[in-house]
Amino acid sequence: MLALHYLYQMLGTFRPLFSRHTPWVLFALVILGFVGMPHVEGLSSWCRFWLMEEADYHRLVHFFHSSAWCLDNLVAHWSHLVWNQQVAVNVQGRAVLLGDHTAVVKDARRMPGVVTIHQDSETQSKPNYYRGHYWGVIGLLVGSLAEAFCLPLDARLHQGFAHLDPQQSSPTDRDTQCVKLVHMALDFAQRHDTGVILVLDAFFAISAVFALANSLWSIALKQPSLSLLTRAKKSYVAYYEPQAPTTRSPGRPRKYGDKVKLKDIFQTHQDQFLTAPCHVYGRLETVSYLALNLMWKPIKGPLRFIFAITSRGPIVLMGSDLALDPLTAISLYCARVRIETMFAMLKGVLDAFAYRFWSKYLPRHSRKPKKNAALKSPKAQHLPRVQETWEACERFVMLGCIALGLLQLIALKFPEQIWASFTRFLRTRSRALPSERTVKAVLAQELVEDFHRFRPSAMMQEMHRLGQRPHEADEHEVSPTRRAPRAVSA
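If you're wondering where the values come from, they're calculated on a predicted model, not measured in any experiment.

(A) Up close: the overall build of the chain. Along the chain, the regular secondary structure elements total 14 helices and 15 strands. Within the span of the chain, comprising 490 residues, buried residues form 55% of the whole. Surface accessibility of the chain: about 23,500 Å² in total, with carbon and sulfur atoms responsible for 51%.

If you want it as structure tokens, here you go:
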């Protein structure tokens, strides 16, 4: 099967990132496990799926703490690998990145980064406060605007730093959380030397985000490499450009013109709105829109405000690119919903957040702390070991993101083959491209058949050799001065 061969070929490109052969085989084993397993319940799920024994379980635990590979190098290689596939959506010569935060429920008392999180959802089935991890994720919009995927590029923990290092900022600092996500997008733009449009929700509409976006200048584009597009809040106000004085008067010239509430523009400028067809959440409809460049005091400069009236009601967008086409901005913001679909796939289909790493060196926390600042910090000599556990969680999630990205790439490159091999009942096809769940169902069956085949592929032969190795770790696999950190994954 071409799709399975493509998957093996992509995994082979990661081999130079590992200092030894066995860690790379374990890496491929984890990725293929995400693809083939029906559900994940800790690291023991891989042992059941690959028919591994207890010694192999400890190998997996050590793999996520191993110094044989670096998470930053893995993220950089994955970013280059995706970029070279030539599947990114291009808008005015720029790639489109989607970014957002997601919360994952975690109730462990010795797991680093677990804090009390407030739930803003109106769903009554969710509690107002719960304990968990707060993740920041960026993804690349691939395919086309009509049928797009949000391909995950990087995922990091963005809350819970203070109880690991008292010198860091508060774990609930909103500006810190937002700025860290923008830094991830800036790293992508700098790594590939390309312009990027970063689409965010209204949570990121703050001055620190726009100031950071303008910090990286592109010589080729003659403007900042990162262009922001977000939704403005209903309470925001802006100012017109000040008019040039007709007569000279004492004092400095005015920096801002008349003040205007953004929500009032829909009434005061109603006759200036234009109408045109536009793609709104996958449907073509006629929208009314108006674009104005107004001064915004928090950044002491101009921004582009786009006022639109769709079938879902009025909306105000704000962007740092003063020449951004209004209809393009509306379509891009509507495509932001793809990152929510990506979160649903990571949580519901791949179980990419089903890690259970903990450290005995972290003081036990109460399950119901009154404030996040009350979390206890580990001792200074134990801080490196706790940070290893922290990174193990990030490694686990990043491998899940790579597995999801590979499923999306296969859906884009082999749609006919996937549909031809899909034998399960599907009442309605929502679009021509198969979903990640559909690709996973097809590849899972192919993986199991390849694993039990009399003459398996080269990748599966590596899996068989791993199981045939002696269970005692030799000096080439585990350094005698480095003990595998303690972790639990039931």
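(B) Summary view of the environment of Leu 383. You can see Leu 383 is positioned in helix H11 (residues 383–413). On the basis of relative accessible area, Leu 383 is assigned to the buried category, the value being 18%. It is 8.4 Å that separates the C-alpha atoms of Leu 383 and Leu 362, two residues lying 21 residues apart in sequence.

(C) Inspection of the side chain of Asp 351 at higher detail. Within the secondary structure, Asp 351 is located in the loop between helix H10 (337–348) and H11. Here Asp 351 sits buried without a salt bridge, and the closest side chain of opposite charge, Lys 440, lies 7.4 Å off (N-O distance). Side-chain polar atoms of Asp 351 contact the backbone nitrogen of Val 40, separated by 3.0 Å. Excluding residues that lie within four positions of it along the chain, Asp 351 makes contacts with Phe 34, His 39, Val 40, Leu 346 and Phe 396.

(D) Focus on the nonpolar core. By size, the foremost hydrophobic cluster in this structure holds 162 residues, and its most contacted members are Phe 27, Trp 46 and Trp 78. No other element matches the 17 residues that H11 contributes to this core. Not counting the four nearest positions on each side in its chain, Phe 27 is found in contact with Leu 11, Phe 14, Phe 18, Phe 63, Leu 74, Leu 399 and Ile 402. The next biggest cluster of nonpolar side chains, apart from the first, holds five residues, and it includes Ile 117, Tyr 130, Tyr 134 and Leu 375.

(E) View of the confidence of the model for the chain. In the predicted model, the chain carries a mean pLDDT of 87, and the fraction of residues at 70 or more is 89%. No element of the chain has a lower mean pLDDT than strand E7 (residues 217–218), at 71, and none a higher one than helix H5 (residues 71–83), at 97. Across residues 471–490 the pLDDT falls below 50, and counting only partners more than four positions away or on other chains, this stretch makes 45 contacts in the model.

(F) Fine view of the side chain of Glu 446. Along the chain, Glu 446 turns up in helix H13 (residues 436–451). It is Arg 453 that comes nearest to the buried, bridge-free Glu 446 among opposite-charge side chains, at 4.7 Å. With sequence-adjacent residues up to four places away left out, Glu 446 is seen in contact with Met 1 and Leu 4.

(G) Looking closely at the pairing of strand E4 (residues 129–143). Of all 15 residues in E4, 13 are buried; the element is thus mostly enclosed. The pairing of strand E2 (residues 94–105) with E4 spans nine bridges and is antiparallel. Bridge assignment links Ala 103 to a residue of E4, and that residue is Tyr 134. Note that strand E3 (residues 115–118) and E4 share four bridges and pair antiparallel. Bridging across to E4, His 118 finds its partner in Tyr 129. Sheet topology note: the E4/strand E5 (residues 148–157) ladder contains nine bridges and is antiparallel. Within E5, the residue paired with Ile 138 across the bridge is Asp 154.

Reading the values: the criteria
- Residues numbered from 1 in each chain as written.
- Predicted model: local features only at pLDDT ≥ 70, side-chain atom pairs only at ≥ 80, totals over all residues.
- Heavy atoms only, no water.
- Helix = DSSP H or I, 4+ residues; strand = E, 2+ residues; numbered from the N terminus.
- Buried < 20%, exposed > 50% of the residue type's maximum accessible area, 1.4 Å probe, protein only.
- Areas by Shrake-Rupley, 256 points an atom, 1.4 Å probe, with all protein chains shown as cover.
- Lys, Arg positive; Asp, Glu negative; His and termini not counted.
- Salt bridge = Lys/Arg side-chain N within 4 Å of Asp/Glu carboxyl O.
- Polar contact = N/O pair within 3.5 Å; in protein donor to acceptor, adjacent residues only side chain to side chain.
- Contact = heavy atoms within 4.5 Å.
- Core = buried A, V, L, I, M, F, W, Y, C linked by side-chain atoms within 4.5 Å.
- pLDDT = per-residue confidence, 0-100.
- Pairing = 2+ DSSP bridges.

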